[in-house]
2 protein chains.
Amino acid sequence: MLQVSRKFEYGLHAVTYLATKGQGRVVTVKEMADDIGFSQEFLSKAMQSLKRAGIASSVQGVKGGYTLGRATTEITVADIALAIEGKPHLVRCGVKAESCEVFSSCHHRGYMGTLQHKIQDLLEDTTIYSLLQQIVP
Amino acid sequence: MLQVSRKFEYGLHAVTYLATKGQGRVVTVKEMADDIGFSQEFLSKAMQSLKRAGIASSVQGVKGGYTLGRATTEITVADIALAIEGKPHLVRCGVKAESCEVFSSCHHRGYMGTLQHKIQDLLEDTTIYSLLQQIVP
DNA sequence: CAGAGCAGGACTGAATTTGTCCTGCTTAAT
DNA sequence: ATTAAGCAGGACAAATTCAGTCCTGCTCTG
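The structure reproduced in this document is the subject of the present report.

Calculation rules
Along each chain, numbering runs from 1 in the same order as the chain's sequence is written. Here chains are named by letter from A upward and ligands by number from 1 upward, in the order in which they appear as written. Where local features are concerned, this predicted model is filtered to residues with pLDDT of at least 70; where side-chain atom pairs are given and counted, the filter is 80 or more; whole-chain, interface and lining totals use all residues. Side-chain metrics in this entry use all non-hydrogen atoms of the structure; hydrogen atoms and water are not considered. By convention in these notes, a residue is near a molecule or strand provided one of its non-hydrogen atoms lies within 4 Å of it. The term polar contact refers here to a pair of N or O atoms within 3.5 Å; inside protein, the definition further demands a hydrogen-donor-capable atom paired with an acceptor-capable atom, and it admits residues adjacent in sequence only when both atoms are side-chain atoms. Under the scheme used here, helices are H or I runs from DSSP no shorter than 4 residues and strands are E runs no shorter than 2 residues, and both carry numbers assigned from the N terminus. Only Asp, Glu, Lys and Arg are considered charged, only Ala, Val, Leu, Ile, Met, Phe, Trp, Tyr, Cys and Pro nonpolar, and every remaining residue, Gly among them, polar. Only a pair of cysteine sulfur atoms within 2.5 Å qualifies as a disulfide here. Between buried and exposed lies partly exposed: a residue is buried under 20% and exposed over 50% of the maximum accessible area for its type, with that area taken using a 1.4 Å probe on protein chains only. The set of buried Ala, Val, Leu, Ile, Met, Phe, Trp, Tyr and Cys residues whose side-chain atoms join them within 4.5 Å is what this entry labels a nonpolar core. Contacts are residue-level and defined by heavy atoms, with any inter-residue pair within 4.5 Å sufficient. Each of two parts loses accessible area, computed with a 1.4 Å probe, when they are put together; buried area is these two losses added. A side-chain nitrogen of Lys or Arg and a carboxyl oxygen of Asp or Glu constitute a salt bridge if their distance falls within 4 Å. For helices, the axis comes from a line fit to the C-alpha atoms of the stretch in contact; other axes are also lines fit to C-alpha atoms, and the angle between any two N-to-C directions lies between 0 and 180 degrees. Working definition: roughly parallel below 35 degrees, roughly antiparallel above 145 degrees, roughly perpendicular at 65 to 115 degrees, and oblique for all remaining angles.

1. A word on the protein's contact with DNA strand D
The full set close to DNA strand D counts 26 residues, and Gly 61 of chain A together with Lys 45, Ser 58, Tyr 66 and Arg 92 of chain B are the nearest of them. Restricting the count to atoms of DNA strand D within 4 Å of the protein gives a sugar and phosphate share of 63%. Measuring from a base nitrogen of DNA strand D, one finds a side-chain N or O atom of Gln 48 of chain B at 3.1 Å. Residue Lys 51 of chain B places a side-chain N or O atom 3.2 Å away from a phosphate oxygen belonging to DNA strand D. Those elements giving two or more residues to the surface near DNA strand D turn out to be α1 (6-21) and α3 (40-52) of chain A together with α3 (40-52), β1 (56-59) and β2 (65-68) of chain B. Here the surface near DNA strand D is composed, by residue class, of eight nonpolar, eleven polar and seven charged.

Structure below.
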């Protein structure tokens, strides 16, 4: 259906939320979930993915929570997509060649590959910083 | 996962297959399925979608089958995607505003909208004709 | 040492995708 | 006129993926 996953939507919202809170501020998942209006449990999963990718960093224990792991100019939408959905594969043969019945005779692999690359470029072109500029002009 | 559906892959293969067979030639689903290596039943579904969109046209009865509905220069990858997957909705709120918990306060709708538009443009830029050129230089 | 909060594995239910089956309609050929 | 090839399309079944929950453990502050 060429649709982004819900977890990605959660993640993107979370990152912009953290960005508006400022760099130093540590925010709990509960606060974010309540404020934004998401399920706390599920948002937590998204945050864990973002943390593993270095996009967010976490503070353990009481008074713990999440902060952005780096500057908003250094986080692109592509980073978030990669952190949450893993490497993109527009077509199945990108994941597993065996999953394609016509792999050896396929005419479209080249095109689909460059298409995916172009989409990737679009995502890399947007940093969280520039995204926030668009929101609050 | 931002992946194209299998039915779309079937459809794209079918269209290029028909294109290489030449305009007039009527081809049965069975022939295509055997030649390409797809399930006949499922490919048939894809063809029906393509037909409804005018991309393919069908001939009923014995000696029936499918042909391309118009010139390869007049069929884009976007046309095939639309025929088979329907209108694209990168995010859920495009389908149903209610499916988004934060619709009213959402910061990303604008960006996701233009992103979707750009992807759409990429798909519209490729005609079957140009796709075939890439394959057989 | 109690409790807030992150980490992450396991599991469940829902939704979507993929694929099959069956019945009916159209038409060329006999 | 009858037969069989082939499209049309609804209904259904299986498989996969996604979304969301639950639970247990670990870490740190007060």
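After that view, the rundown keeps rolling.
2. Quick look at the state of the cysteines
By definition, a disulfide links two cysteine residues through a covalent bond between their sulfur atoms. All names here are of chain B. Throughout the structure, instances matching the rule amount to zero disulfides over all chains. Here Cys 93 is not disulfide-linked; the sulfur of Cys 100 is the nearest cysteine sulfur, at 5.2 Å. As a non-bridged cysteine, Cys 106 has Cys 100 as the owner of its nearest cysteine sulfur, 5.4 Å distant. Overall, Cys 106 belongs to the buried group, its relative accessible area being 17%.

3. Examining unusual backbone geometry
Residues and elements named next belong to chain A. At Lys 63, a residue that is not glycine, the phi angle is positive and equals roughly 65 degrees. Along the chain, Lys 63 turns up in the loop between β1 (56-59) and β2 (65-68). Overall, Lys 63 belongs to the exposed group, its relative accessible area being 76%.

4. Here we look at the nonpolar core
Core analysis: the biggest nonpolar cluster contains 90 residues, and Met 47 and Ile 80 of chain A together with Met 47 and Ile 80 of chain B have the highest contact counts within it. In this structure, Met 47 of chain B is in contact with Ala 14, Leu 18, Val 29, Met 32, Ala 56 and Tyr 66 of chain B, ignoring residues within four places of it in sequence.

5. Here's the deal with the protein's contact with DNA strand C
Around DNA strand C lies a shell of 27 residues, among which Lys 45, Ser 58, Val 62, Tyr 66 and Arg 92 of chain A are the nearest. Sugar and phosphate atoms represent 64% of those atoms of DNA strand C found within 4 Å of the protein. A distance of 3.1 Å is found between a base nitrogen of DNA strand C and a side-chain nitrogen or oxygen belonging to Gln 48 of chain A. In the environment of DNA strand C, a phosphate oxygen lies 3.2 Å from a nitrogen or oxygen atom belonging to the side chain of Lys 51 of chain A. Elements represented by at least two residues in the surface near DNA strand C include exactly α3, β1 and β2 of chain A together with α1 (6-21) and α3 of chain B.

6. Looking at the interface of chain A and chain B
Taken together, the contact between chain A and chain B spans 39 residues of the former and 39 residues of the latter. Taking both sides of the interface into account, the surface hidden between chain A and chain B amounts to around 3900 Å²; carbon and sulfur atoms contribute 60%. Put simply, chain A and chain B have four salt bridges between them. Of the charged contacts, one joins Glu 9 of chain B and Arg 92 of chain A as a salt bridge, the two residues approaching to 3.5 Å between their closest N and O atoms. Scanning the region where chain A abuts chain B turns up 14 residue pairs in polar contact (both at pLDDT 80 or more). Secondary-structure elements contributing two or more residues to the side of chain A that touches chain B are α1, α4 (77-85), α5 (109-124) and α6 (128-135) of chain A. Of the residues assigned to the side of chain A that touches chain B, the class counts are 22 nonpolar, eleven polar and six charged.

7. Observations regarding the packing of α1 of chain A against α6 of chain A
Two quantities define a packed helix pair, namely the angle between the axes and the distance from one axis to the other. Residues and elements named next belong to chain A. Two numbers describe how α1 lies on α6: the axes approach to 11 Å, and their chain directions differ by 80 degrees. If you check the angle between α1 and α6, you find them roughly perpendicular. In this structure, α1 uses Leu 12, Val 15, Thr 16, Ala 19 and Thr 20 to contact α6, whose residues at the interface are Ile 128, Leu 131 and Leu 132. Of the residues assigned to the contact of α1 with α6, the class counts are six nonpolar, two polar and no charged.

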